[in-house]
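Observations on chain architecture
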Amino acid sequence: MIEATYNGVHHEEHQGELSFVRKYVFSTDHKVIGIQYGLTALVLLFFGFCLMMLMRWQLAFPGQPLPIGFLSKWLGDARMPGGIMAPEFYNQLGAMHGTIMIFLGVVPLAVGAFGNYLVPLQVGAQDMAFPKLNMSSYWVYFIGGVIMLCSFFVPGGSAQSGWTSYPPLADVTPQSHSLFTGQSMWLTGMVFLITSSLLGSVNTITTIVQLRAKGLTWMRLPFFVWAQLVTGFLLLLAFPPLEAAGVMQLMDRLAGTSLFLPSGLVVGGKALNVSGGGSALLWQHLFWFLAHPEVYVLILPAMGIVAEVIANNTRKPLWGYKSLVYSVIFLGFMSFIVWAHHMFLTGMGTSINAFFQTTTMIISVPSIVILTALILSLWGGSIRFNVPMLFALAFLPMFGIGGLTGLPLGLASADIHLHDTYYVIGHFHYVVAPGTLFALFAGIYYWFPKVTGRQLNDALGKIHFWGSLICMNGIFLPMFIQGMAGVSRRLYDGGSSYLHAQNVLVLNKGMSYSAWALAVFQLVFILNFFWSIFAGRKVTSDNPWEATTLEWATPTPPPHGNFLKVSEVFRGPYEYSVPGAKRDFLPQNEPPEA
Amino acid sequence: MSAAIEIPYNSTERPDTGLYNAKLGVWLFLSSEVMLFGALFSTYVLLRTGSETWEHGAQFLNVPLATINTLVLIISSVTMVMSWASLKMGSLGKFRLYLGLTILCGAIFLVIKGFEYAHKFEVGLYPSTSTFMALYFTMTGLHGLHVIGGMIVNSYLWGPGSRMWQTDPQRFTNRIEVAGLYWHFVDLVWIFLFPTLYLLPGK
């Protein structure tokens, strides 16, 4: 089917009987839903980034009025009195930056967009197993997002107790039994988002298990599909405890219970009039039971994308495919028993600390196996340095830095010094920003021709890549230095009122300039994205990268139903440069020569 | 949506997995539900072990009513299975009867639960009264929502959804099986809630 002629326009006509709304808005086609997820997530990612850029002004120039007058005016006196950021507004920005980036940006992009679009294609299915469920998953996510965004406009503003929403603070900020407070809306939004990912993960897992094409055995699945399968299980099993916790915090806020409020709590000099008897630590357990697997929800699809791009652009099989698969499964299991390494300083006791410290060290092993296998895959390959490959290559050291800097945090004694400092911020941003986001960019550049029939511009892509790489490191590398100097995270003034922070304060300016420069390079990407949709170079083949996996055996863009004939798979996913073969790639669906 | 697409294994089992899609889907969904209620039960355990005193539910909760409710739900599970069996034996009429009884049992459960709630409010027991009451209302409330959800699904399958019996009887029977699995799960949660909240002695 590689030979299938390029006839995207022709296939458009096939669905002519559907109205515009059914085709593009309430569509049950996994590809349309994937694109919906992708565009929504990209917009929200940029929005979350904008919140951070505002914060970076306050961090670099604490207490000085924002030089962009109309923005201060628009934000109003409650948020920016005299153009100077109010502390409450800073806290809102911090809490919502984290929430939006993770729950509304990266996860929907990595799982909702890439998973939705690619998993059915790569397993040779016509659609997801439950198309209507798929559609509702997107719309439930959309409603959750709208609730989150609306929370900026209620009295008192959005949630401001950090993306972790620790009680008692989150329970009593603001003290109001109304549903229309930032924190209550945050919780409601989370319930929607969790429901959405539940629907999505049921769908993904069922699709992979049930709809694999004939001949597509488990060990012939592309690594990306394996990563999505494990991610699906993490979403399925780790999210519900946070849903329970969210419901309970809503009970605390709306019905006046004290599930998370200990007895004898004094707020603002007054004893709190509640029954007490709850446990603030309980929230942390339930929250991190989700939020640690969540880290792997962020990173596994990214690893999957990088594996696809690397195999394709080194023109050789992935090194250690089976160890990759077993590692990712083991990683999935282990991620459920490491959560309390976020809580070493809560006084859980040294024996519990020792347990979670041990599991944390164990879970680093499969991550390192995966990273090593990906690096070894480069060995001896004739590497094509195109834009997706550049992003995938940069992922390796960036994720490496993010992962290795996590080890001191996983050791209870080292964590005493580093806990809640900028070191932590640097660590997880290296994992998620130049790590996961770079992988997602690699994926966008790699699969863009399949989705649109056109290539993204190469020169603009390279500007985007090099600019982003330099700026990302400009932002996050100094955070390690600040953190080791003891500067706490979530400081409204960036540490300028602390003596021990004075020597490293100057770094704040460099980090902020890097952040704003990063935005400029993202504008290059946005320009490239829209320009290429309409005027990019058209691809002349359905398989422009000469790849082996099934998604390239579809017409471009894939029509409703994806494949022109029923797919059958004859070999593993990465048969590149097979000795004796006519070409340097053997597509999975190409029948063996007799 | 366009007629060309036919998702395989909607009504028949995939030979190598032995499952049709919805059956795998509902088991995955139920595993997620186990984690949801598991978190709530863990909360109960953690808060109970962490406090010095704990109420004995039977002293102010209505054990006889809850016992009746337990029986009502168990009966509803039986009728749910019988509605599925009726379809297996090809009788839409009997299916309607048994599924109708299941829905009725769900309604009886909710009415009794409603009386219990109303009485608690009358005597001044609110979620904010104590940690025990907070857990009681959160856990039974969330369970009640699950009962309502099941009733909505069952009512749809009893009414407009049953038209599928004419076009694709195998798939319709599967739908009843899947709805039944969910309904049994909701019963099972109650079987755990009843002793935990009503019977366990305080300390």
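The helix and strand inventory of chain A stands at 18 helices and two strands. Computed over the C-alpha atoms, the radius of gyration of chain A is 24 Å, within 12% of the 25 Å expected from 2.2 N^0.38 for a compact globule of 594 residues. If one aligns the C-alpha atoms of chain A with their principal axes, the spans along those axes are about 85 × 50 × 45 Å. In chain A, buried positions account for 56% of the 594 residues. For chain A, the share of sequence-separated contacts (at least 6 apart) that also reach a separation of at least 24 residues comes to 81%.

What follows covers the overall build of chain B. Counting its regular elements, chain B contains six helices and zero strands. When the helices and strands of chain B are read in sequence order from the N terminus, they spell out α-α-α-α-α-α. For the C-alpha atoms alone, the extent of chain B along its principal axes is close to 65 × 35 × 25 Å. The burial tally for chain B puts 36% of its 203 residues in the buried class. Within chain B, contacts between residues separated by at least 24 positions form 79% of all contacts whose residues are at least 6 apart in sequence.

Attention now goes to helix 6 (residues 131-150) of chain A. All names here are of chain A. Along its 20 residues, helix 6 runs 29 Å from first to last C-alpha, staying within 8% of the 28 Å computed at 1.5 Å per residue. Within helix 6, burial applies to Asn134, Met135, Ser137, Tyr138, Val140, Tyr141, Gly144, Gly145 and Met148. Buried residues belonging to helix 6 abut helix 3 (30-60), helix 5 (87-122) and helix 8 (182-210).

Quick look at the interface of chain A and chain B now. Tallying the contact residues gives 39 residues for chain A and 34 residues for chain B. When contributions to the side of chain A that touches chain B are tallied by element, the ones reaching two or more residues are helix 8, helix 9 (223-255) and helix 10 (280-314) of chain A. Of the residues forming the side of chain A that touches chain B, the biggest block, eleven residues, is contributed by helix 9 of chain A. Here the residues of the side of chain A that touches chain B are counted per class, giving 22 nonpolar, 14 polar and three charged.

Further remarks concern the nonpolar core. Grouped together as the largest cluster of nonpolar side chains are 226 residues, with contacts concentrated most on Val306, Ala307, Phe391, Ala392, Phe395, Ala439 and Ala442 of chain A. Among all residues touching Phe391 of chain A, those that are not within four sequence positions of it are Phe438, Ala439, Phe441, Ala442, Tyr445 and Phe465 of chain A.

Let us look at the packing of helix 4 (residues 131-158) of chain B against helix 6 (residues 169-199) of chain B. All names here are of chain B. Relative orientation of the contacting elements helix 4 and helix 6 amounts to 160 degrees, with a least axis distance of 10 Å. When the axis of helix 4 is compared with that of helix 6, the two are roughly antiparallel. The hand of the helix 4/helix 6 crossing is left-handed. From helix 4, Tyr136, Met139, Thr140, His143, His146, Val147, Gly150, Val153, Asn154 and Leu157 reach across to helix 6, where they touch Arg175, Ile176, Ala179, Tyr182, Trp183, Val186, Val189, Trp190, Leu193 and Leu197. Of the residues that constitute the contact of helix 4 with helix 6, the class distribution is 14 nonpolar, five polar and one charged.

Residues and elements named next belong to chain A. Along the chain, Asp29 falls in the loop between helix 2 (20-25) and helix 3. For the pair Asp29 and Tyr117, spaced 88 residues apart in sequence, the C-alpha separation works out to 9.3 Å. The residues contacting Asp29, other than those within four sequence positions of it, are Asp127 and His560.

In this section: helix 3 (residues 92-122) of chain B. All names here are of chain B. The end-to-end C-alpha distance of helix 3, which contains 31 residues, comes to 45 Å, matching closely the 45 Å that a straight helix rising 1.5 Å per residue would cover. Of all the positions in helix 3, only Phe95, Tyr98, Leu99, Thr102, Ile103, Cys105, Gly106 and Phe109 are classed as buried. Just past helix 3, the residue Gly124 takes up positive phi, approximately 80 degrees.

The next thing to look at is the confidence of the model for chain B. On average, residues of chain B carry a pLDDT of 95, and 98% of them reach 70 or more. Overall fold confidence (pTM) sits at 0.95, and the ipTM for the predicted complex is 0.95.

What follows concerns the environment of Trp466 of chain A. Tracing the backbone through its elements, the reader meets Trp466 of chain A in helix 17 (residues 458-484). Between the C-alpha atoms of Trp466 of chain A and Leu390 of chain A, which are 76 residues apart in sequence, the distance is 9.0 Å.

Residue and element names in this part refer to chain A. The omega torsion of the bond from Pro167 to Pro168 falls at 0 degrees, within 30 degrees of zero and hence cis. By secondary structure assignment, the location of Pro168 is in the loop between helix 6 and helix 7 (169-172). Here the residue pair Thr556 and Pro557 is connected by a cis peptide bond, since its omega of -15 degrees sits within 30 degrees of zero. Position of Pro557 relative to the elements: it lies in the segment after helix 18 (506-535).

So, about the environment of Thr195 of chain A. All names here are of chain A. Its location among the elements puts Thr195 in helix 8. For Thr195, a count of 19 C-beta atoms within 10 Å translates into the label partly exposed. Each C-alpha atom of the pair Thr195 and Gly144 lies 9.4 Å from the other, and the pair is 51 residues apart in sequence.

What counts, and at which threshold
- Residues numbered from 1 in each chain as written.
- Chains lettered and ligands numbered in written order.
- Predicted model: local features only at pLDDT ≥ 70, side-chain atom pairs only at ≥ 80, totals over all residues.
- Helix = DSSP H or I, 4+ residues; strand = E, 2+ residues; numbered from the N terminus.
- Rg over C-alpha atoms; globule rule 2.2 N^0.38 Å.
- Buried ≥ 20, exposed ≤ 12 C-beta atoms within 10 Å, placed from the backbone.
- Contact = placed C-beta atoms within 7 Å.
- Expected span 1.5 Å × (residues − 1).
- Nonpolar A, V, L, I, M, F, W, Y, C, P; charged D, E, K, R; others polar.
- Core = buried A, V, L, I, M, F, W, Y, C linked by C-beta atoms within 7 Å.
- Axes fitted to C-alpha atoms, helices over the stretch in contact; angles between N-to-C directions.
- Parallel < 35°, antiparallel > 145°, perpendicular 65-115°, else oblique.
- Left-handed = near helix turned anticlockwise from the far one by under 90°.
- pLDDT = per-residue confidence, 0-100.

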